[in-house]
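# Fold and contact review
Here is what each chain is made of, one letter per residue.
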Amino acid sequence: MPDVFINYRTGDGDKTALTLDTALSHRFGDERIYRASKSIPAGDAFPRALLSGVRRSGVLLAVIGPDWSGHPRLHEEGDWVRREILEAYVCLIPVVPLLDGRRTERLRGADLPEELAWLADCQSLRLDHHNAPADLARIGDTLADLVPELKAADRTAARQDGEGAVRNAVGDVNGAANQARDITGDVGTVIKDSRGPVHTGRGDIHQHSPTISGDGVAYVAGNNHGGISNSFGGSRRREDEER
C-alpha cells in the first residue's frame, strides 16, 4: 500500500518526480512511494490504477513547475493531473504542492480553475535542485510527520539511532572485562596487585629515598665497609676564582 502519491505532468515534472521517487523510496521503501510509470503493472487499466493509488495513499505530493498553472490541459475535466488532485481532495487526503526549482512561485487562486482554487491555500514545499540533498531531507521529514506509517518505516531515523551507540552486556566475569571502540583523548590506566614501584606517566619516581640535586652530598643506602672520598665541582670553581 503506497503512502505517498507523486502527482506530476508528463513532459513537465517527470524528471523531478523521478528524483523524488528515488530519494523517498530509498528512505521509506520502494513500495510506499507511488509514481505512475513505476507503480502501474503492465496490462493494468491505468485510470482505475491511478484513482485506486490516490485513494490508498496517505498524502499526495503535487509537482508544480514554473508554468504549471498556465498549462491549458489543467482546465480540462479529463486532465489526469487535475483528476488525481481532485480525487485526493474529495477523499480528504492531504495535498502538498511541491514547487519545482527556485524560480517557481507559489500558486495563486486567480490563476487556477475554480475547482482547484483551494490548492493556492495549501502550504507548499520547495525542491531547489542546487540544494537537493537538504531539500529532499526536509521533504521526507515533512511527509513522515504527516503519515505515521512513513515515520515508522523511516530508515534514516533507524540509522541515526544506531550510529555511535554502544550496548554492553557482561555477566559471570571473574576479573576485568573491557570493551573499546574509537578512542579520542587520554586513556586511563588501572593497576591491580602491584608489589613494587609503578610508573605510568611523566616525571621522576622516588621509592623510599630522598630527592637529591646539586653538588656536595653523598648518600649511602645499606652498610658501608670502607671510606668515602668525594670531589665536588663547587670547590674547584672556588679555587679557580681565587687564582
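Preceding block: the structure.
Residues numbered from 1 in each chain as written. Predicted model: local features only at pLDDT ≥ 70, side-chain atom pairs only at ≥ 80, totals over all residues. Heavy atoms only, no water.

### Observations concerning the overall build of the chain
A count of helices and strands for the chain gives 8 helices and 5 strands. In the chain, the proportion of contacts linking residues at least 24 apart, taken out of those at least 6 apart, comes to 68%. Accessible surface, the chain: about 16,600 Å² in total, of which carbon and sulfur atoms supply 46%. (Helix = DSSP H or I, 4+ residues; strand = E, 2+ residues; numbered from the N terminus. Contact = heavy atoms within 4.5 Å. Areas by Shrake-Rupley, 256 points an atom, 1.4 Å probe, with all protein chains shown as cover.)

### Considering the sheet that holds strand 2 (residues 33-34)
Spatial strand order, 2-1-3-4-5: 5 strands in an open sheet with parallel pairing. Since the sheet does not close on itself, it has two edges, and those belong to strand 2 and strand 5 (125-127), each with one partner. The sheet contact formed by strand 1 (residues 4-7) and strand 3 (residues 59-64) spans 4 bridges and is parallel. Across the sheet, residue Val4 finds its bridge partner in strand 3, namely Val59. (Pairing = 2+ DSSP bridges.)

### Focus: the pattern of salt bridges
As enumerated under the stated definition, the model contains 14 salt bridges in all. A salt bridge links Arg32 to Asp3, with the nearest nitrogen and oxygen atoms 2.5 Å apart. Taken together, the residues span a long stretch of sequence, with Arg32 in the loop between helix 1 (14-28) and strand 2 and Asp3 in the segment before strand 1 at a distance of 29 residues. Put simply, Asp30 and Lys38 hold a salt bridge, and the shortest N to O gap is 3.1 Å. Its relative accessible area of 44% is what places Asp30 among the partly exposed residues. Under the relative-accessibility criterion, Lys38 is labelled partly exposed at 28%. The network of salt bridges with shared partners includes Asp21, Asp30, Arg35 and Lys38. (Salt bridge = Lys/Arg side-chain N within 4 Å of Asp/Glu carboxyl O. Buried < 20%, exposed > 50% of the residue type's maximum accessible area, 1.4 Å probe, protein only.)

### Some words on helix 4 (residues 80-90)
Within the sequence span of helix 4, burial applies to Trp80, Val81, Arg82, Glu84, Ile85, Glu87 and Ala88. Backbone geometry just after helix 4 places Leu92 at a positive phi near 60 degrees.

### Quick look at the side chain of Arg82
Here Arg82 lies in helix 4. Engagement of the side chain of Arg82 in a polar contact is seen with the side chain of Glu115, the distance being 3.3 Å. (Polar contact = N/O pair within 3.5 Å; in protein donor to acceptor, adjacent residues only side chain to side chain.)

### Some details on the nonpolar core
Of all hydrophobic cores here, the largest spans 26 residues; its most connected members are Leu60, Trp68, Ile85, Leu112 and Leu119. Listing elements by their share of this core, those giving two or more residues are helix 3 (46-55), strand 3, helix 4 and strand 4 (95-100). Those residues in contact with Leu60 that sit more than four places away from it in its chain are Phe5, Asn7, Val54, Glu84, Ile85, Ala88, Ile93, Pro94, Val95 and Val96. Within the second largest apolar cluster, 22 residues are counted, among which are Val4, Ala17, Val96 and Ala144. (Core = buried A, V, L, I, M, F, W, Y, C linked by side-chain atoms within 4.5 Å.)

### Let's talk about the packing of helix 3 against helix 4
Direction vectors running N to C along helix 3 and helix 4 enclose 35 degrees, while the axes themselves pass 9 Å from each other. Of the two possible hands of crossing, helix 3 and helix 4 adopt the one that is right-handed. Only Trp80, Arg83, Glu84, Glu87 and Ala88 of helix 4 make contact with helix 3, whose side of the interface consists of Phe46, Pro47, Leu50, Leu51, Val54 and Arg55. Here the contact of helix 3 with helix 4 is built from residues that sort into 7 nonpolar, no polar and 4 charged. (Axes fitted to C-alpha atoms, helices over the stretch in contact; angles between N-to-C directions. Left-handed = near helix turned anticlockwise from the far one by under 90°. Nonpolar A, V, L, I, M, F, W, Y, C, P; charged D, E, K, R; others polar.)

### Quick notes on helix 1
Helical periodicity: at 3.6 residues per turn, an α-helix aligns residues three or four positions apart in one direction. Given a rise of 1.5 Å per residue, 15 residues ought to cover 21 Å, and the 20 Å separating the end C-alpha atoms of helix 1 matches this to within 8%. Those residues of helix 1 that fall on the buried side of the exposure criterion are Thr16, Ala17, Leu20, Asp21, Leu24, Ser25, Arg27 and Phe28. For helix 1, the buried positions fall inside an angular range of 160 degrees around the axis, keeping them on one side. Helix 1 presents Lys15 and His26 as exposed residues on the side facing more than 90 degrees away from its buried surface. Positive backbone phi, approximately 115 degrees, marks Gly29, located one or two places after helix 1. (Expected span 1.5 Å × (residues − 1). Arc of directions from axis to C-beta.)

### Quick notes on the pairing of strand 1
Burial along strand 1 is two-sided: the residues Val4 and Ile6 and Phe5 and Asn7 are all buried. As judged from the 2 bridges shared by strand 1 and strand 2, these two strands associate in the parallel manner. The residue bridging Phe5 from the neighbouring strand is Tyr34, located in strand 2. Handedness of the crossover is the feature at issue here: the chain leaves strand 1, passes through helix 1, returns alongside strand 2, and the resulting connection is right-handed. (Right-handed = clockwise from strand over helix to strand, strands pointing away.)

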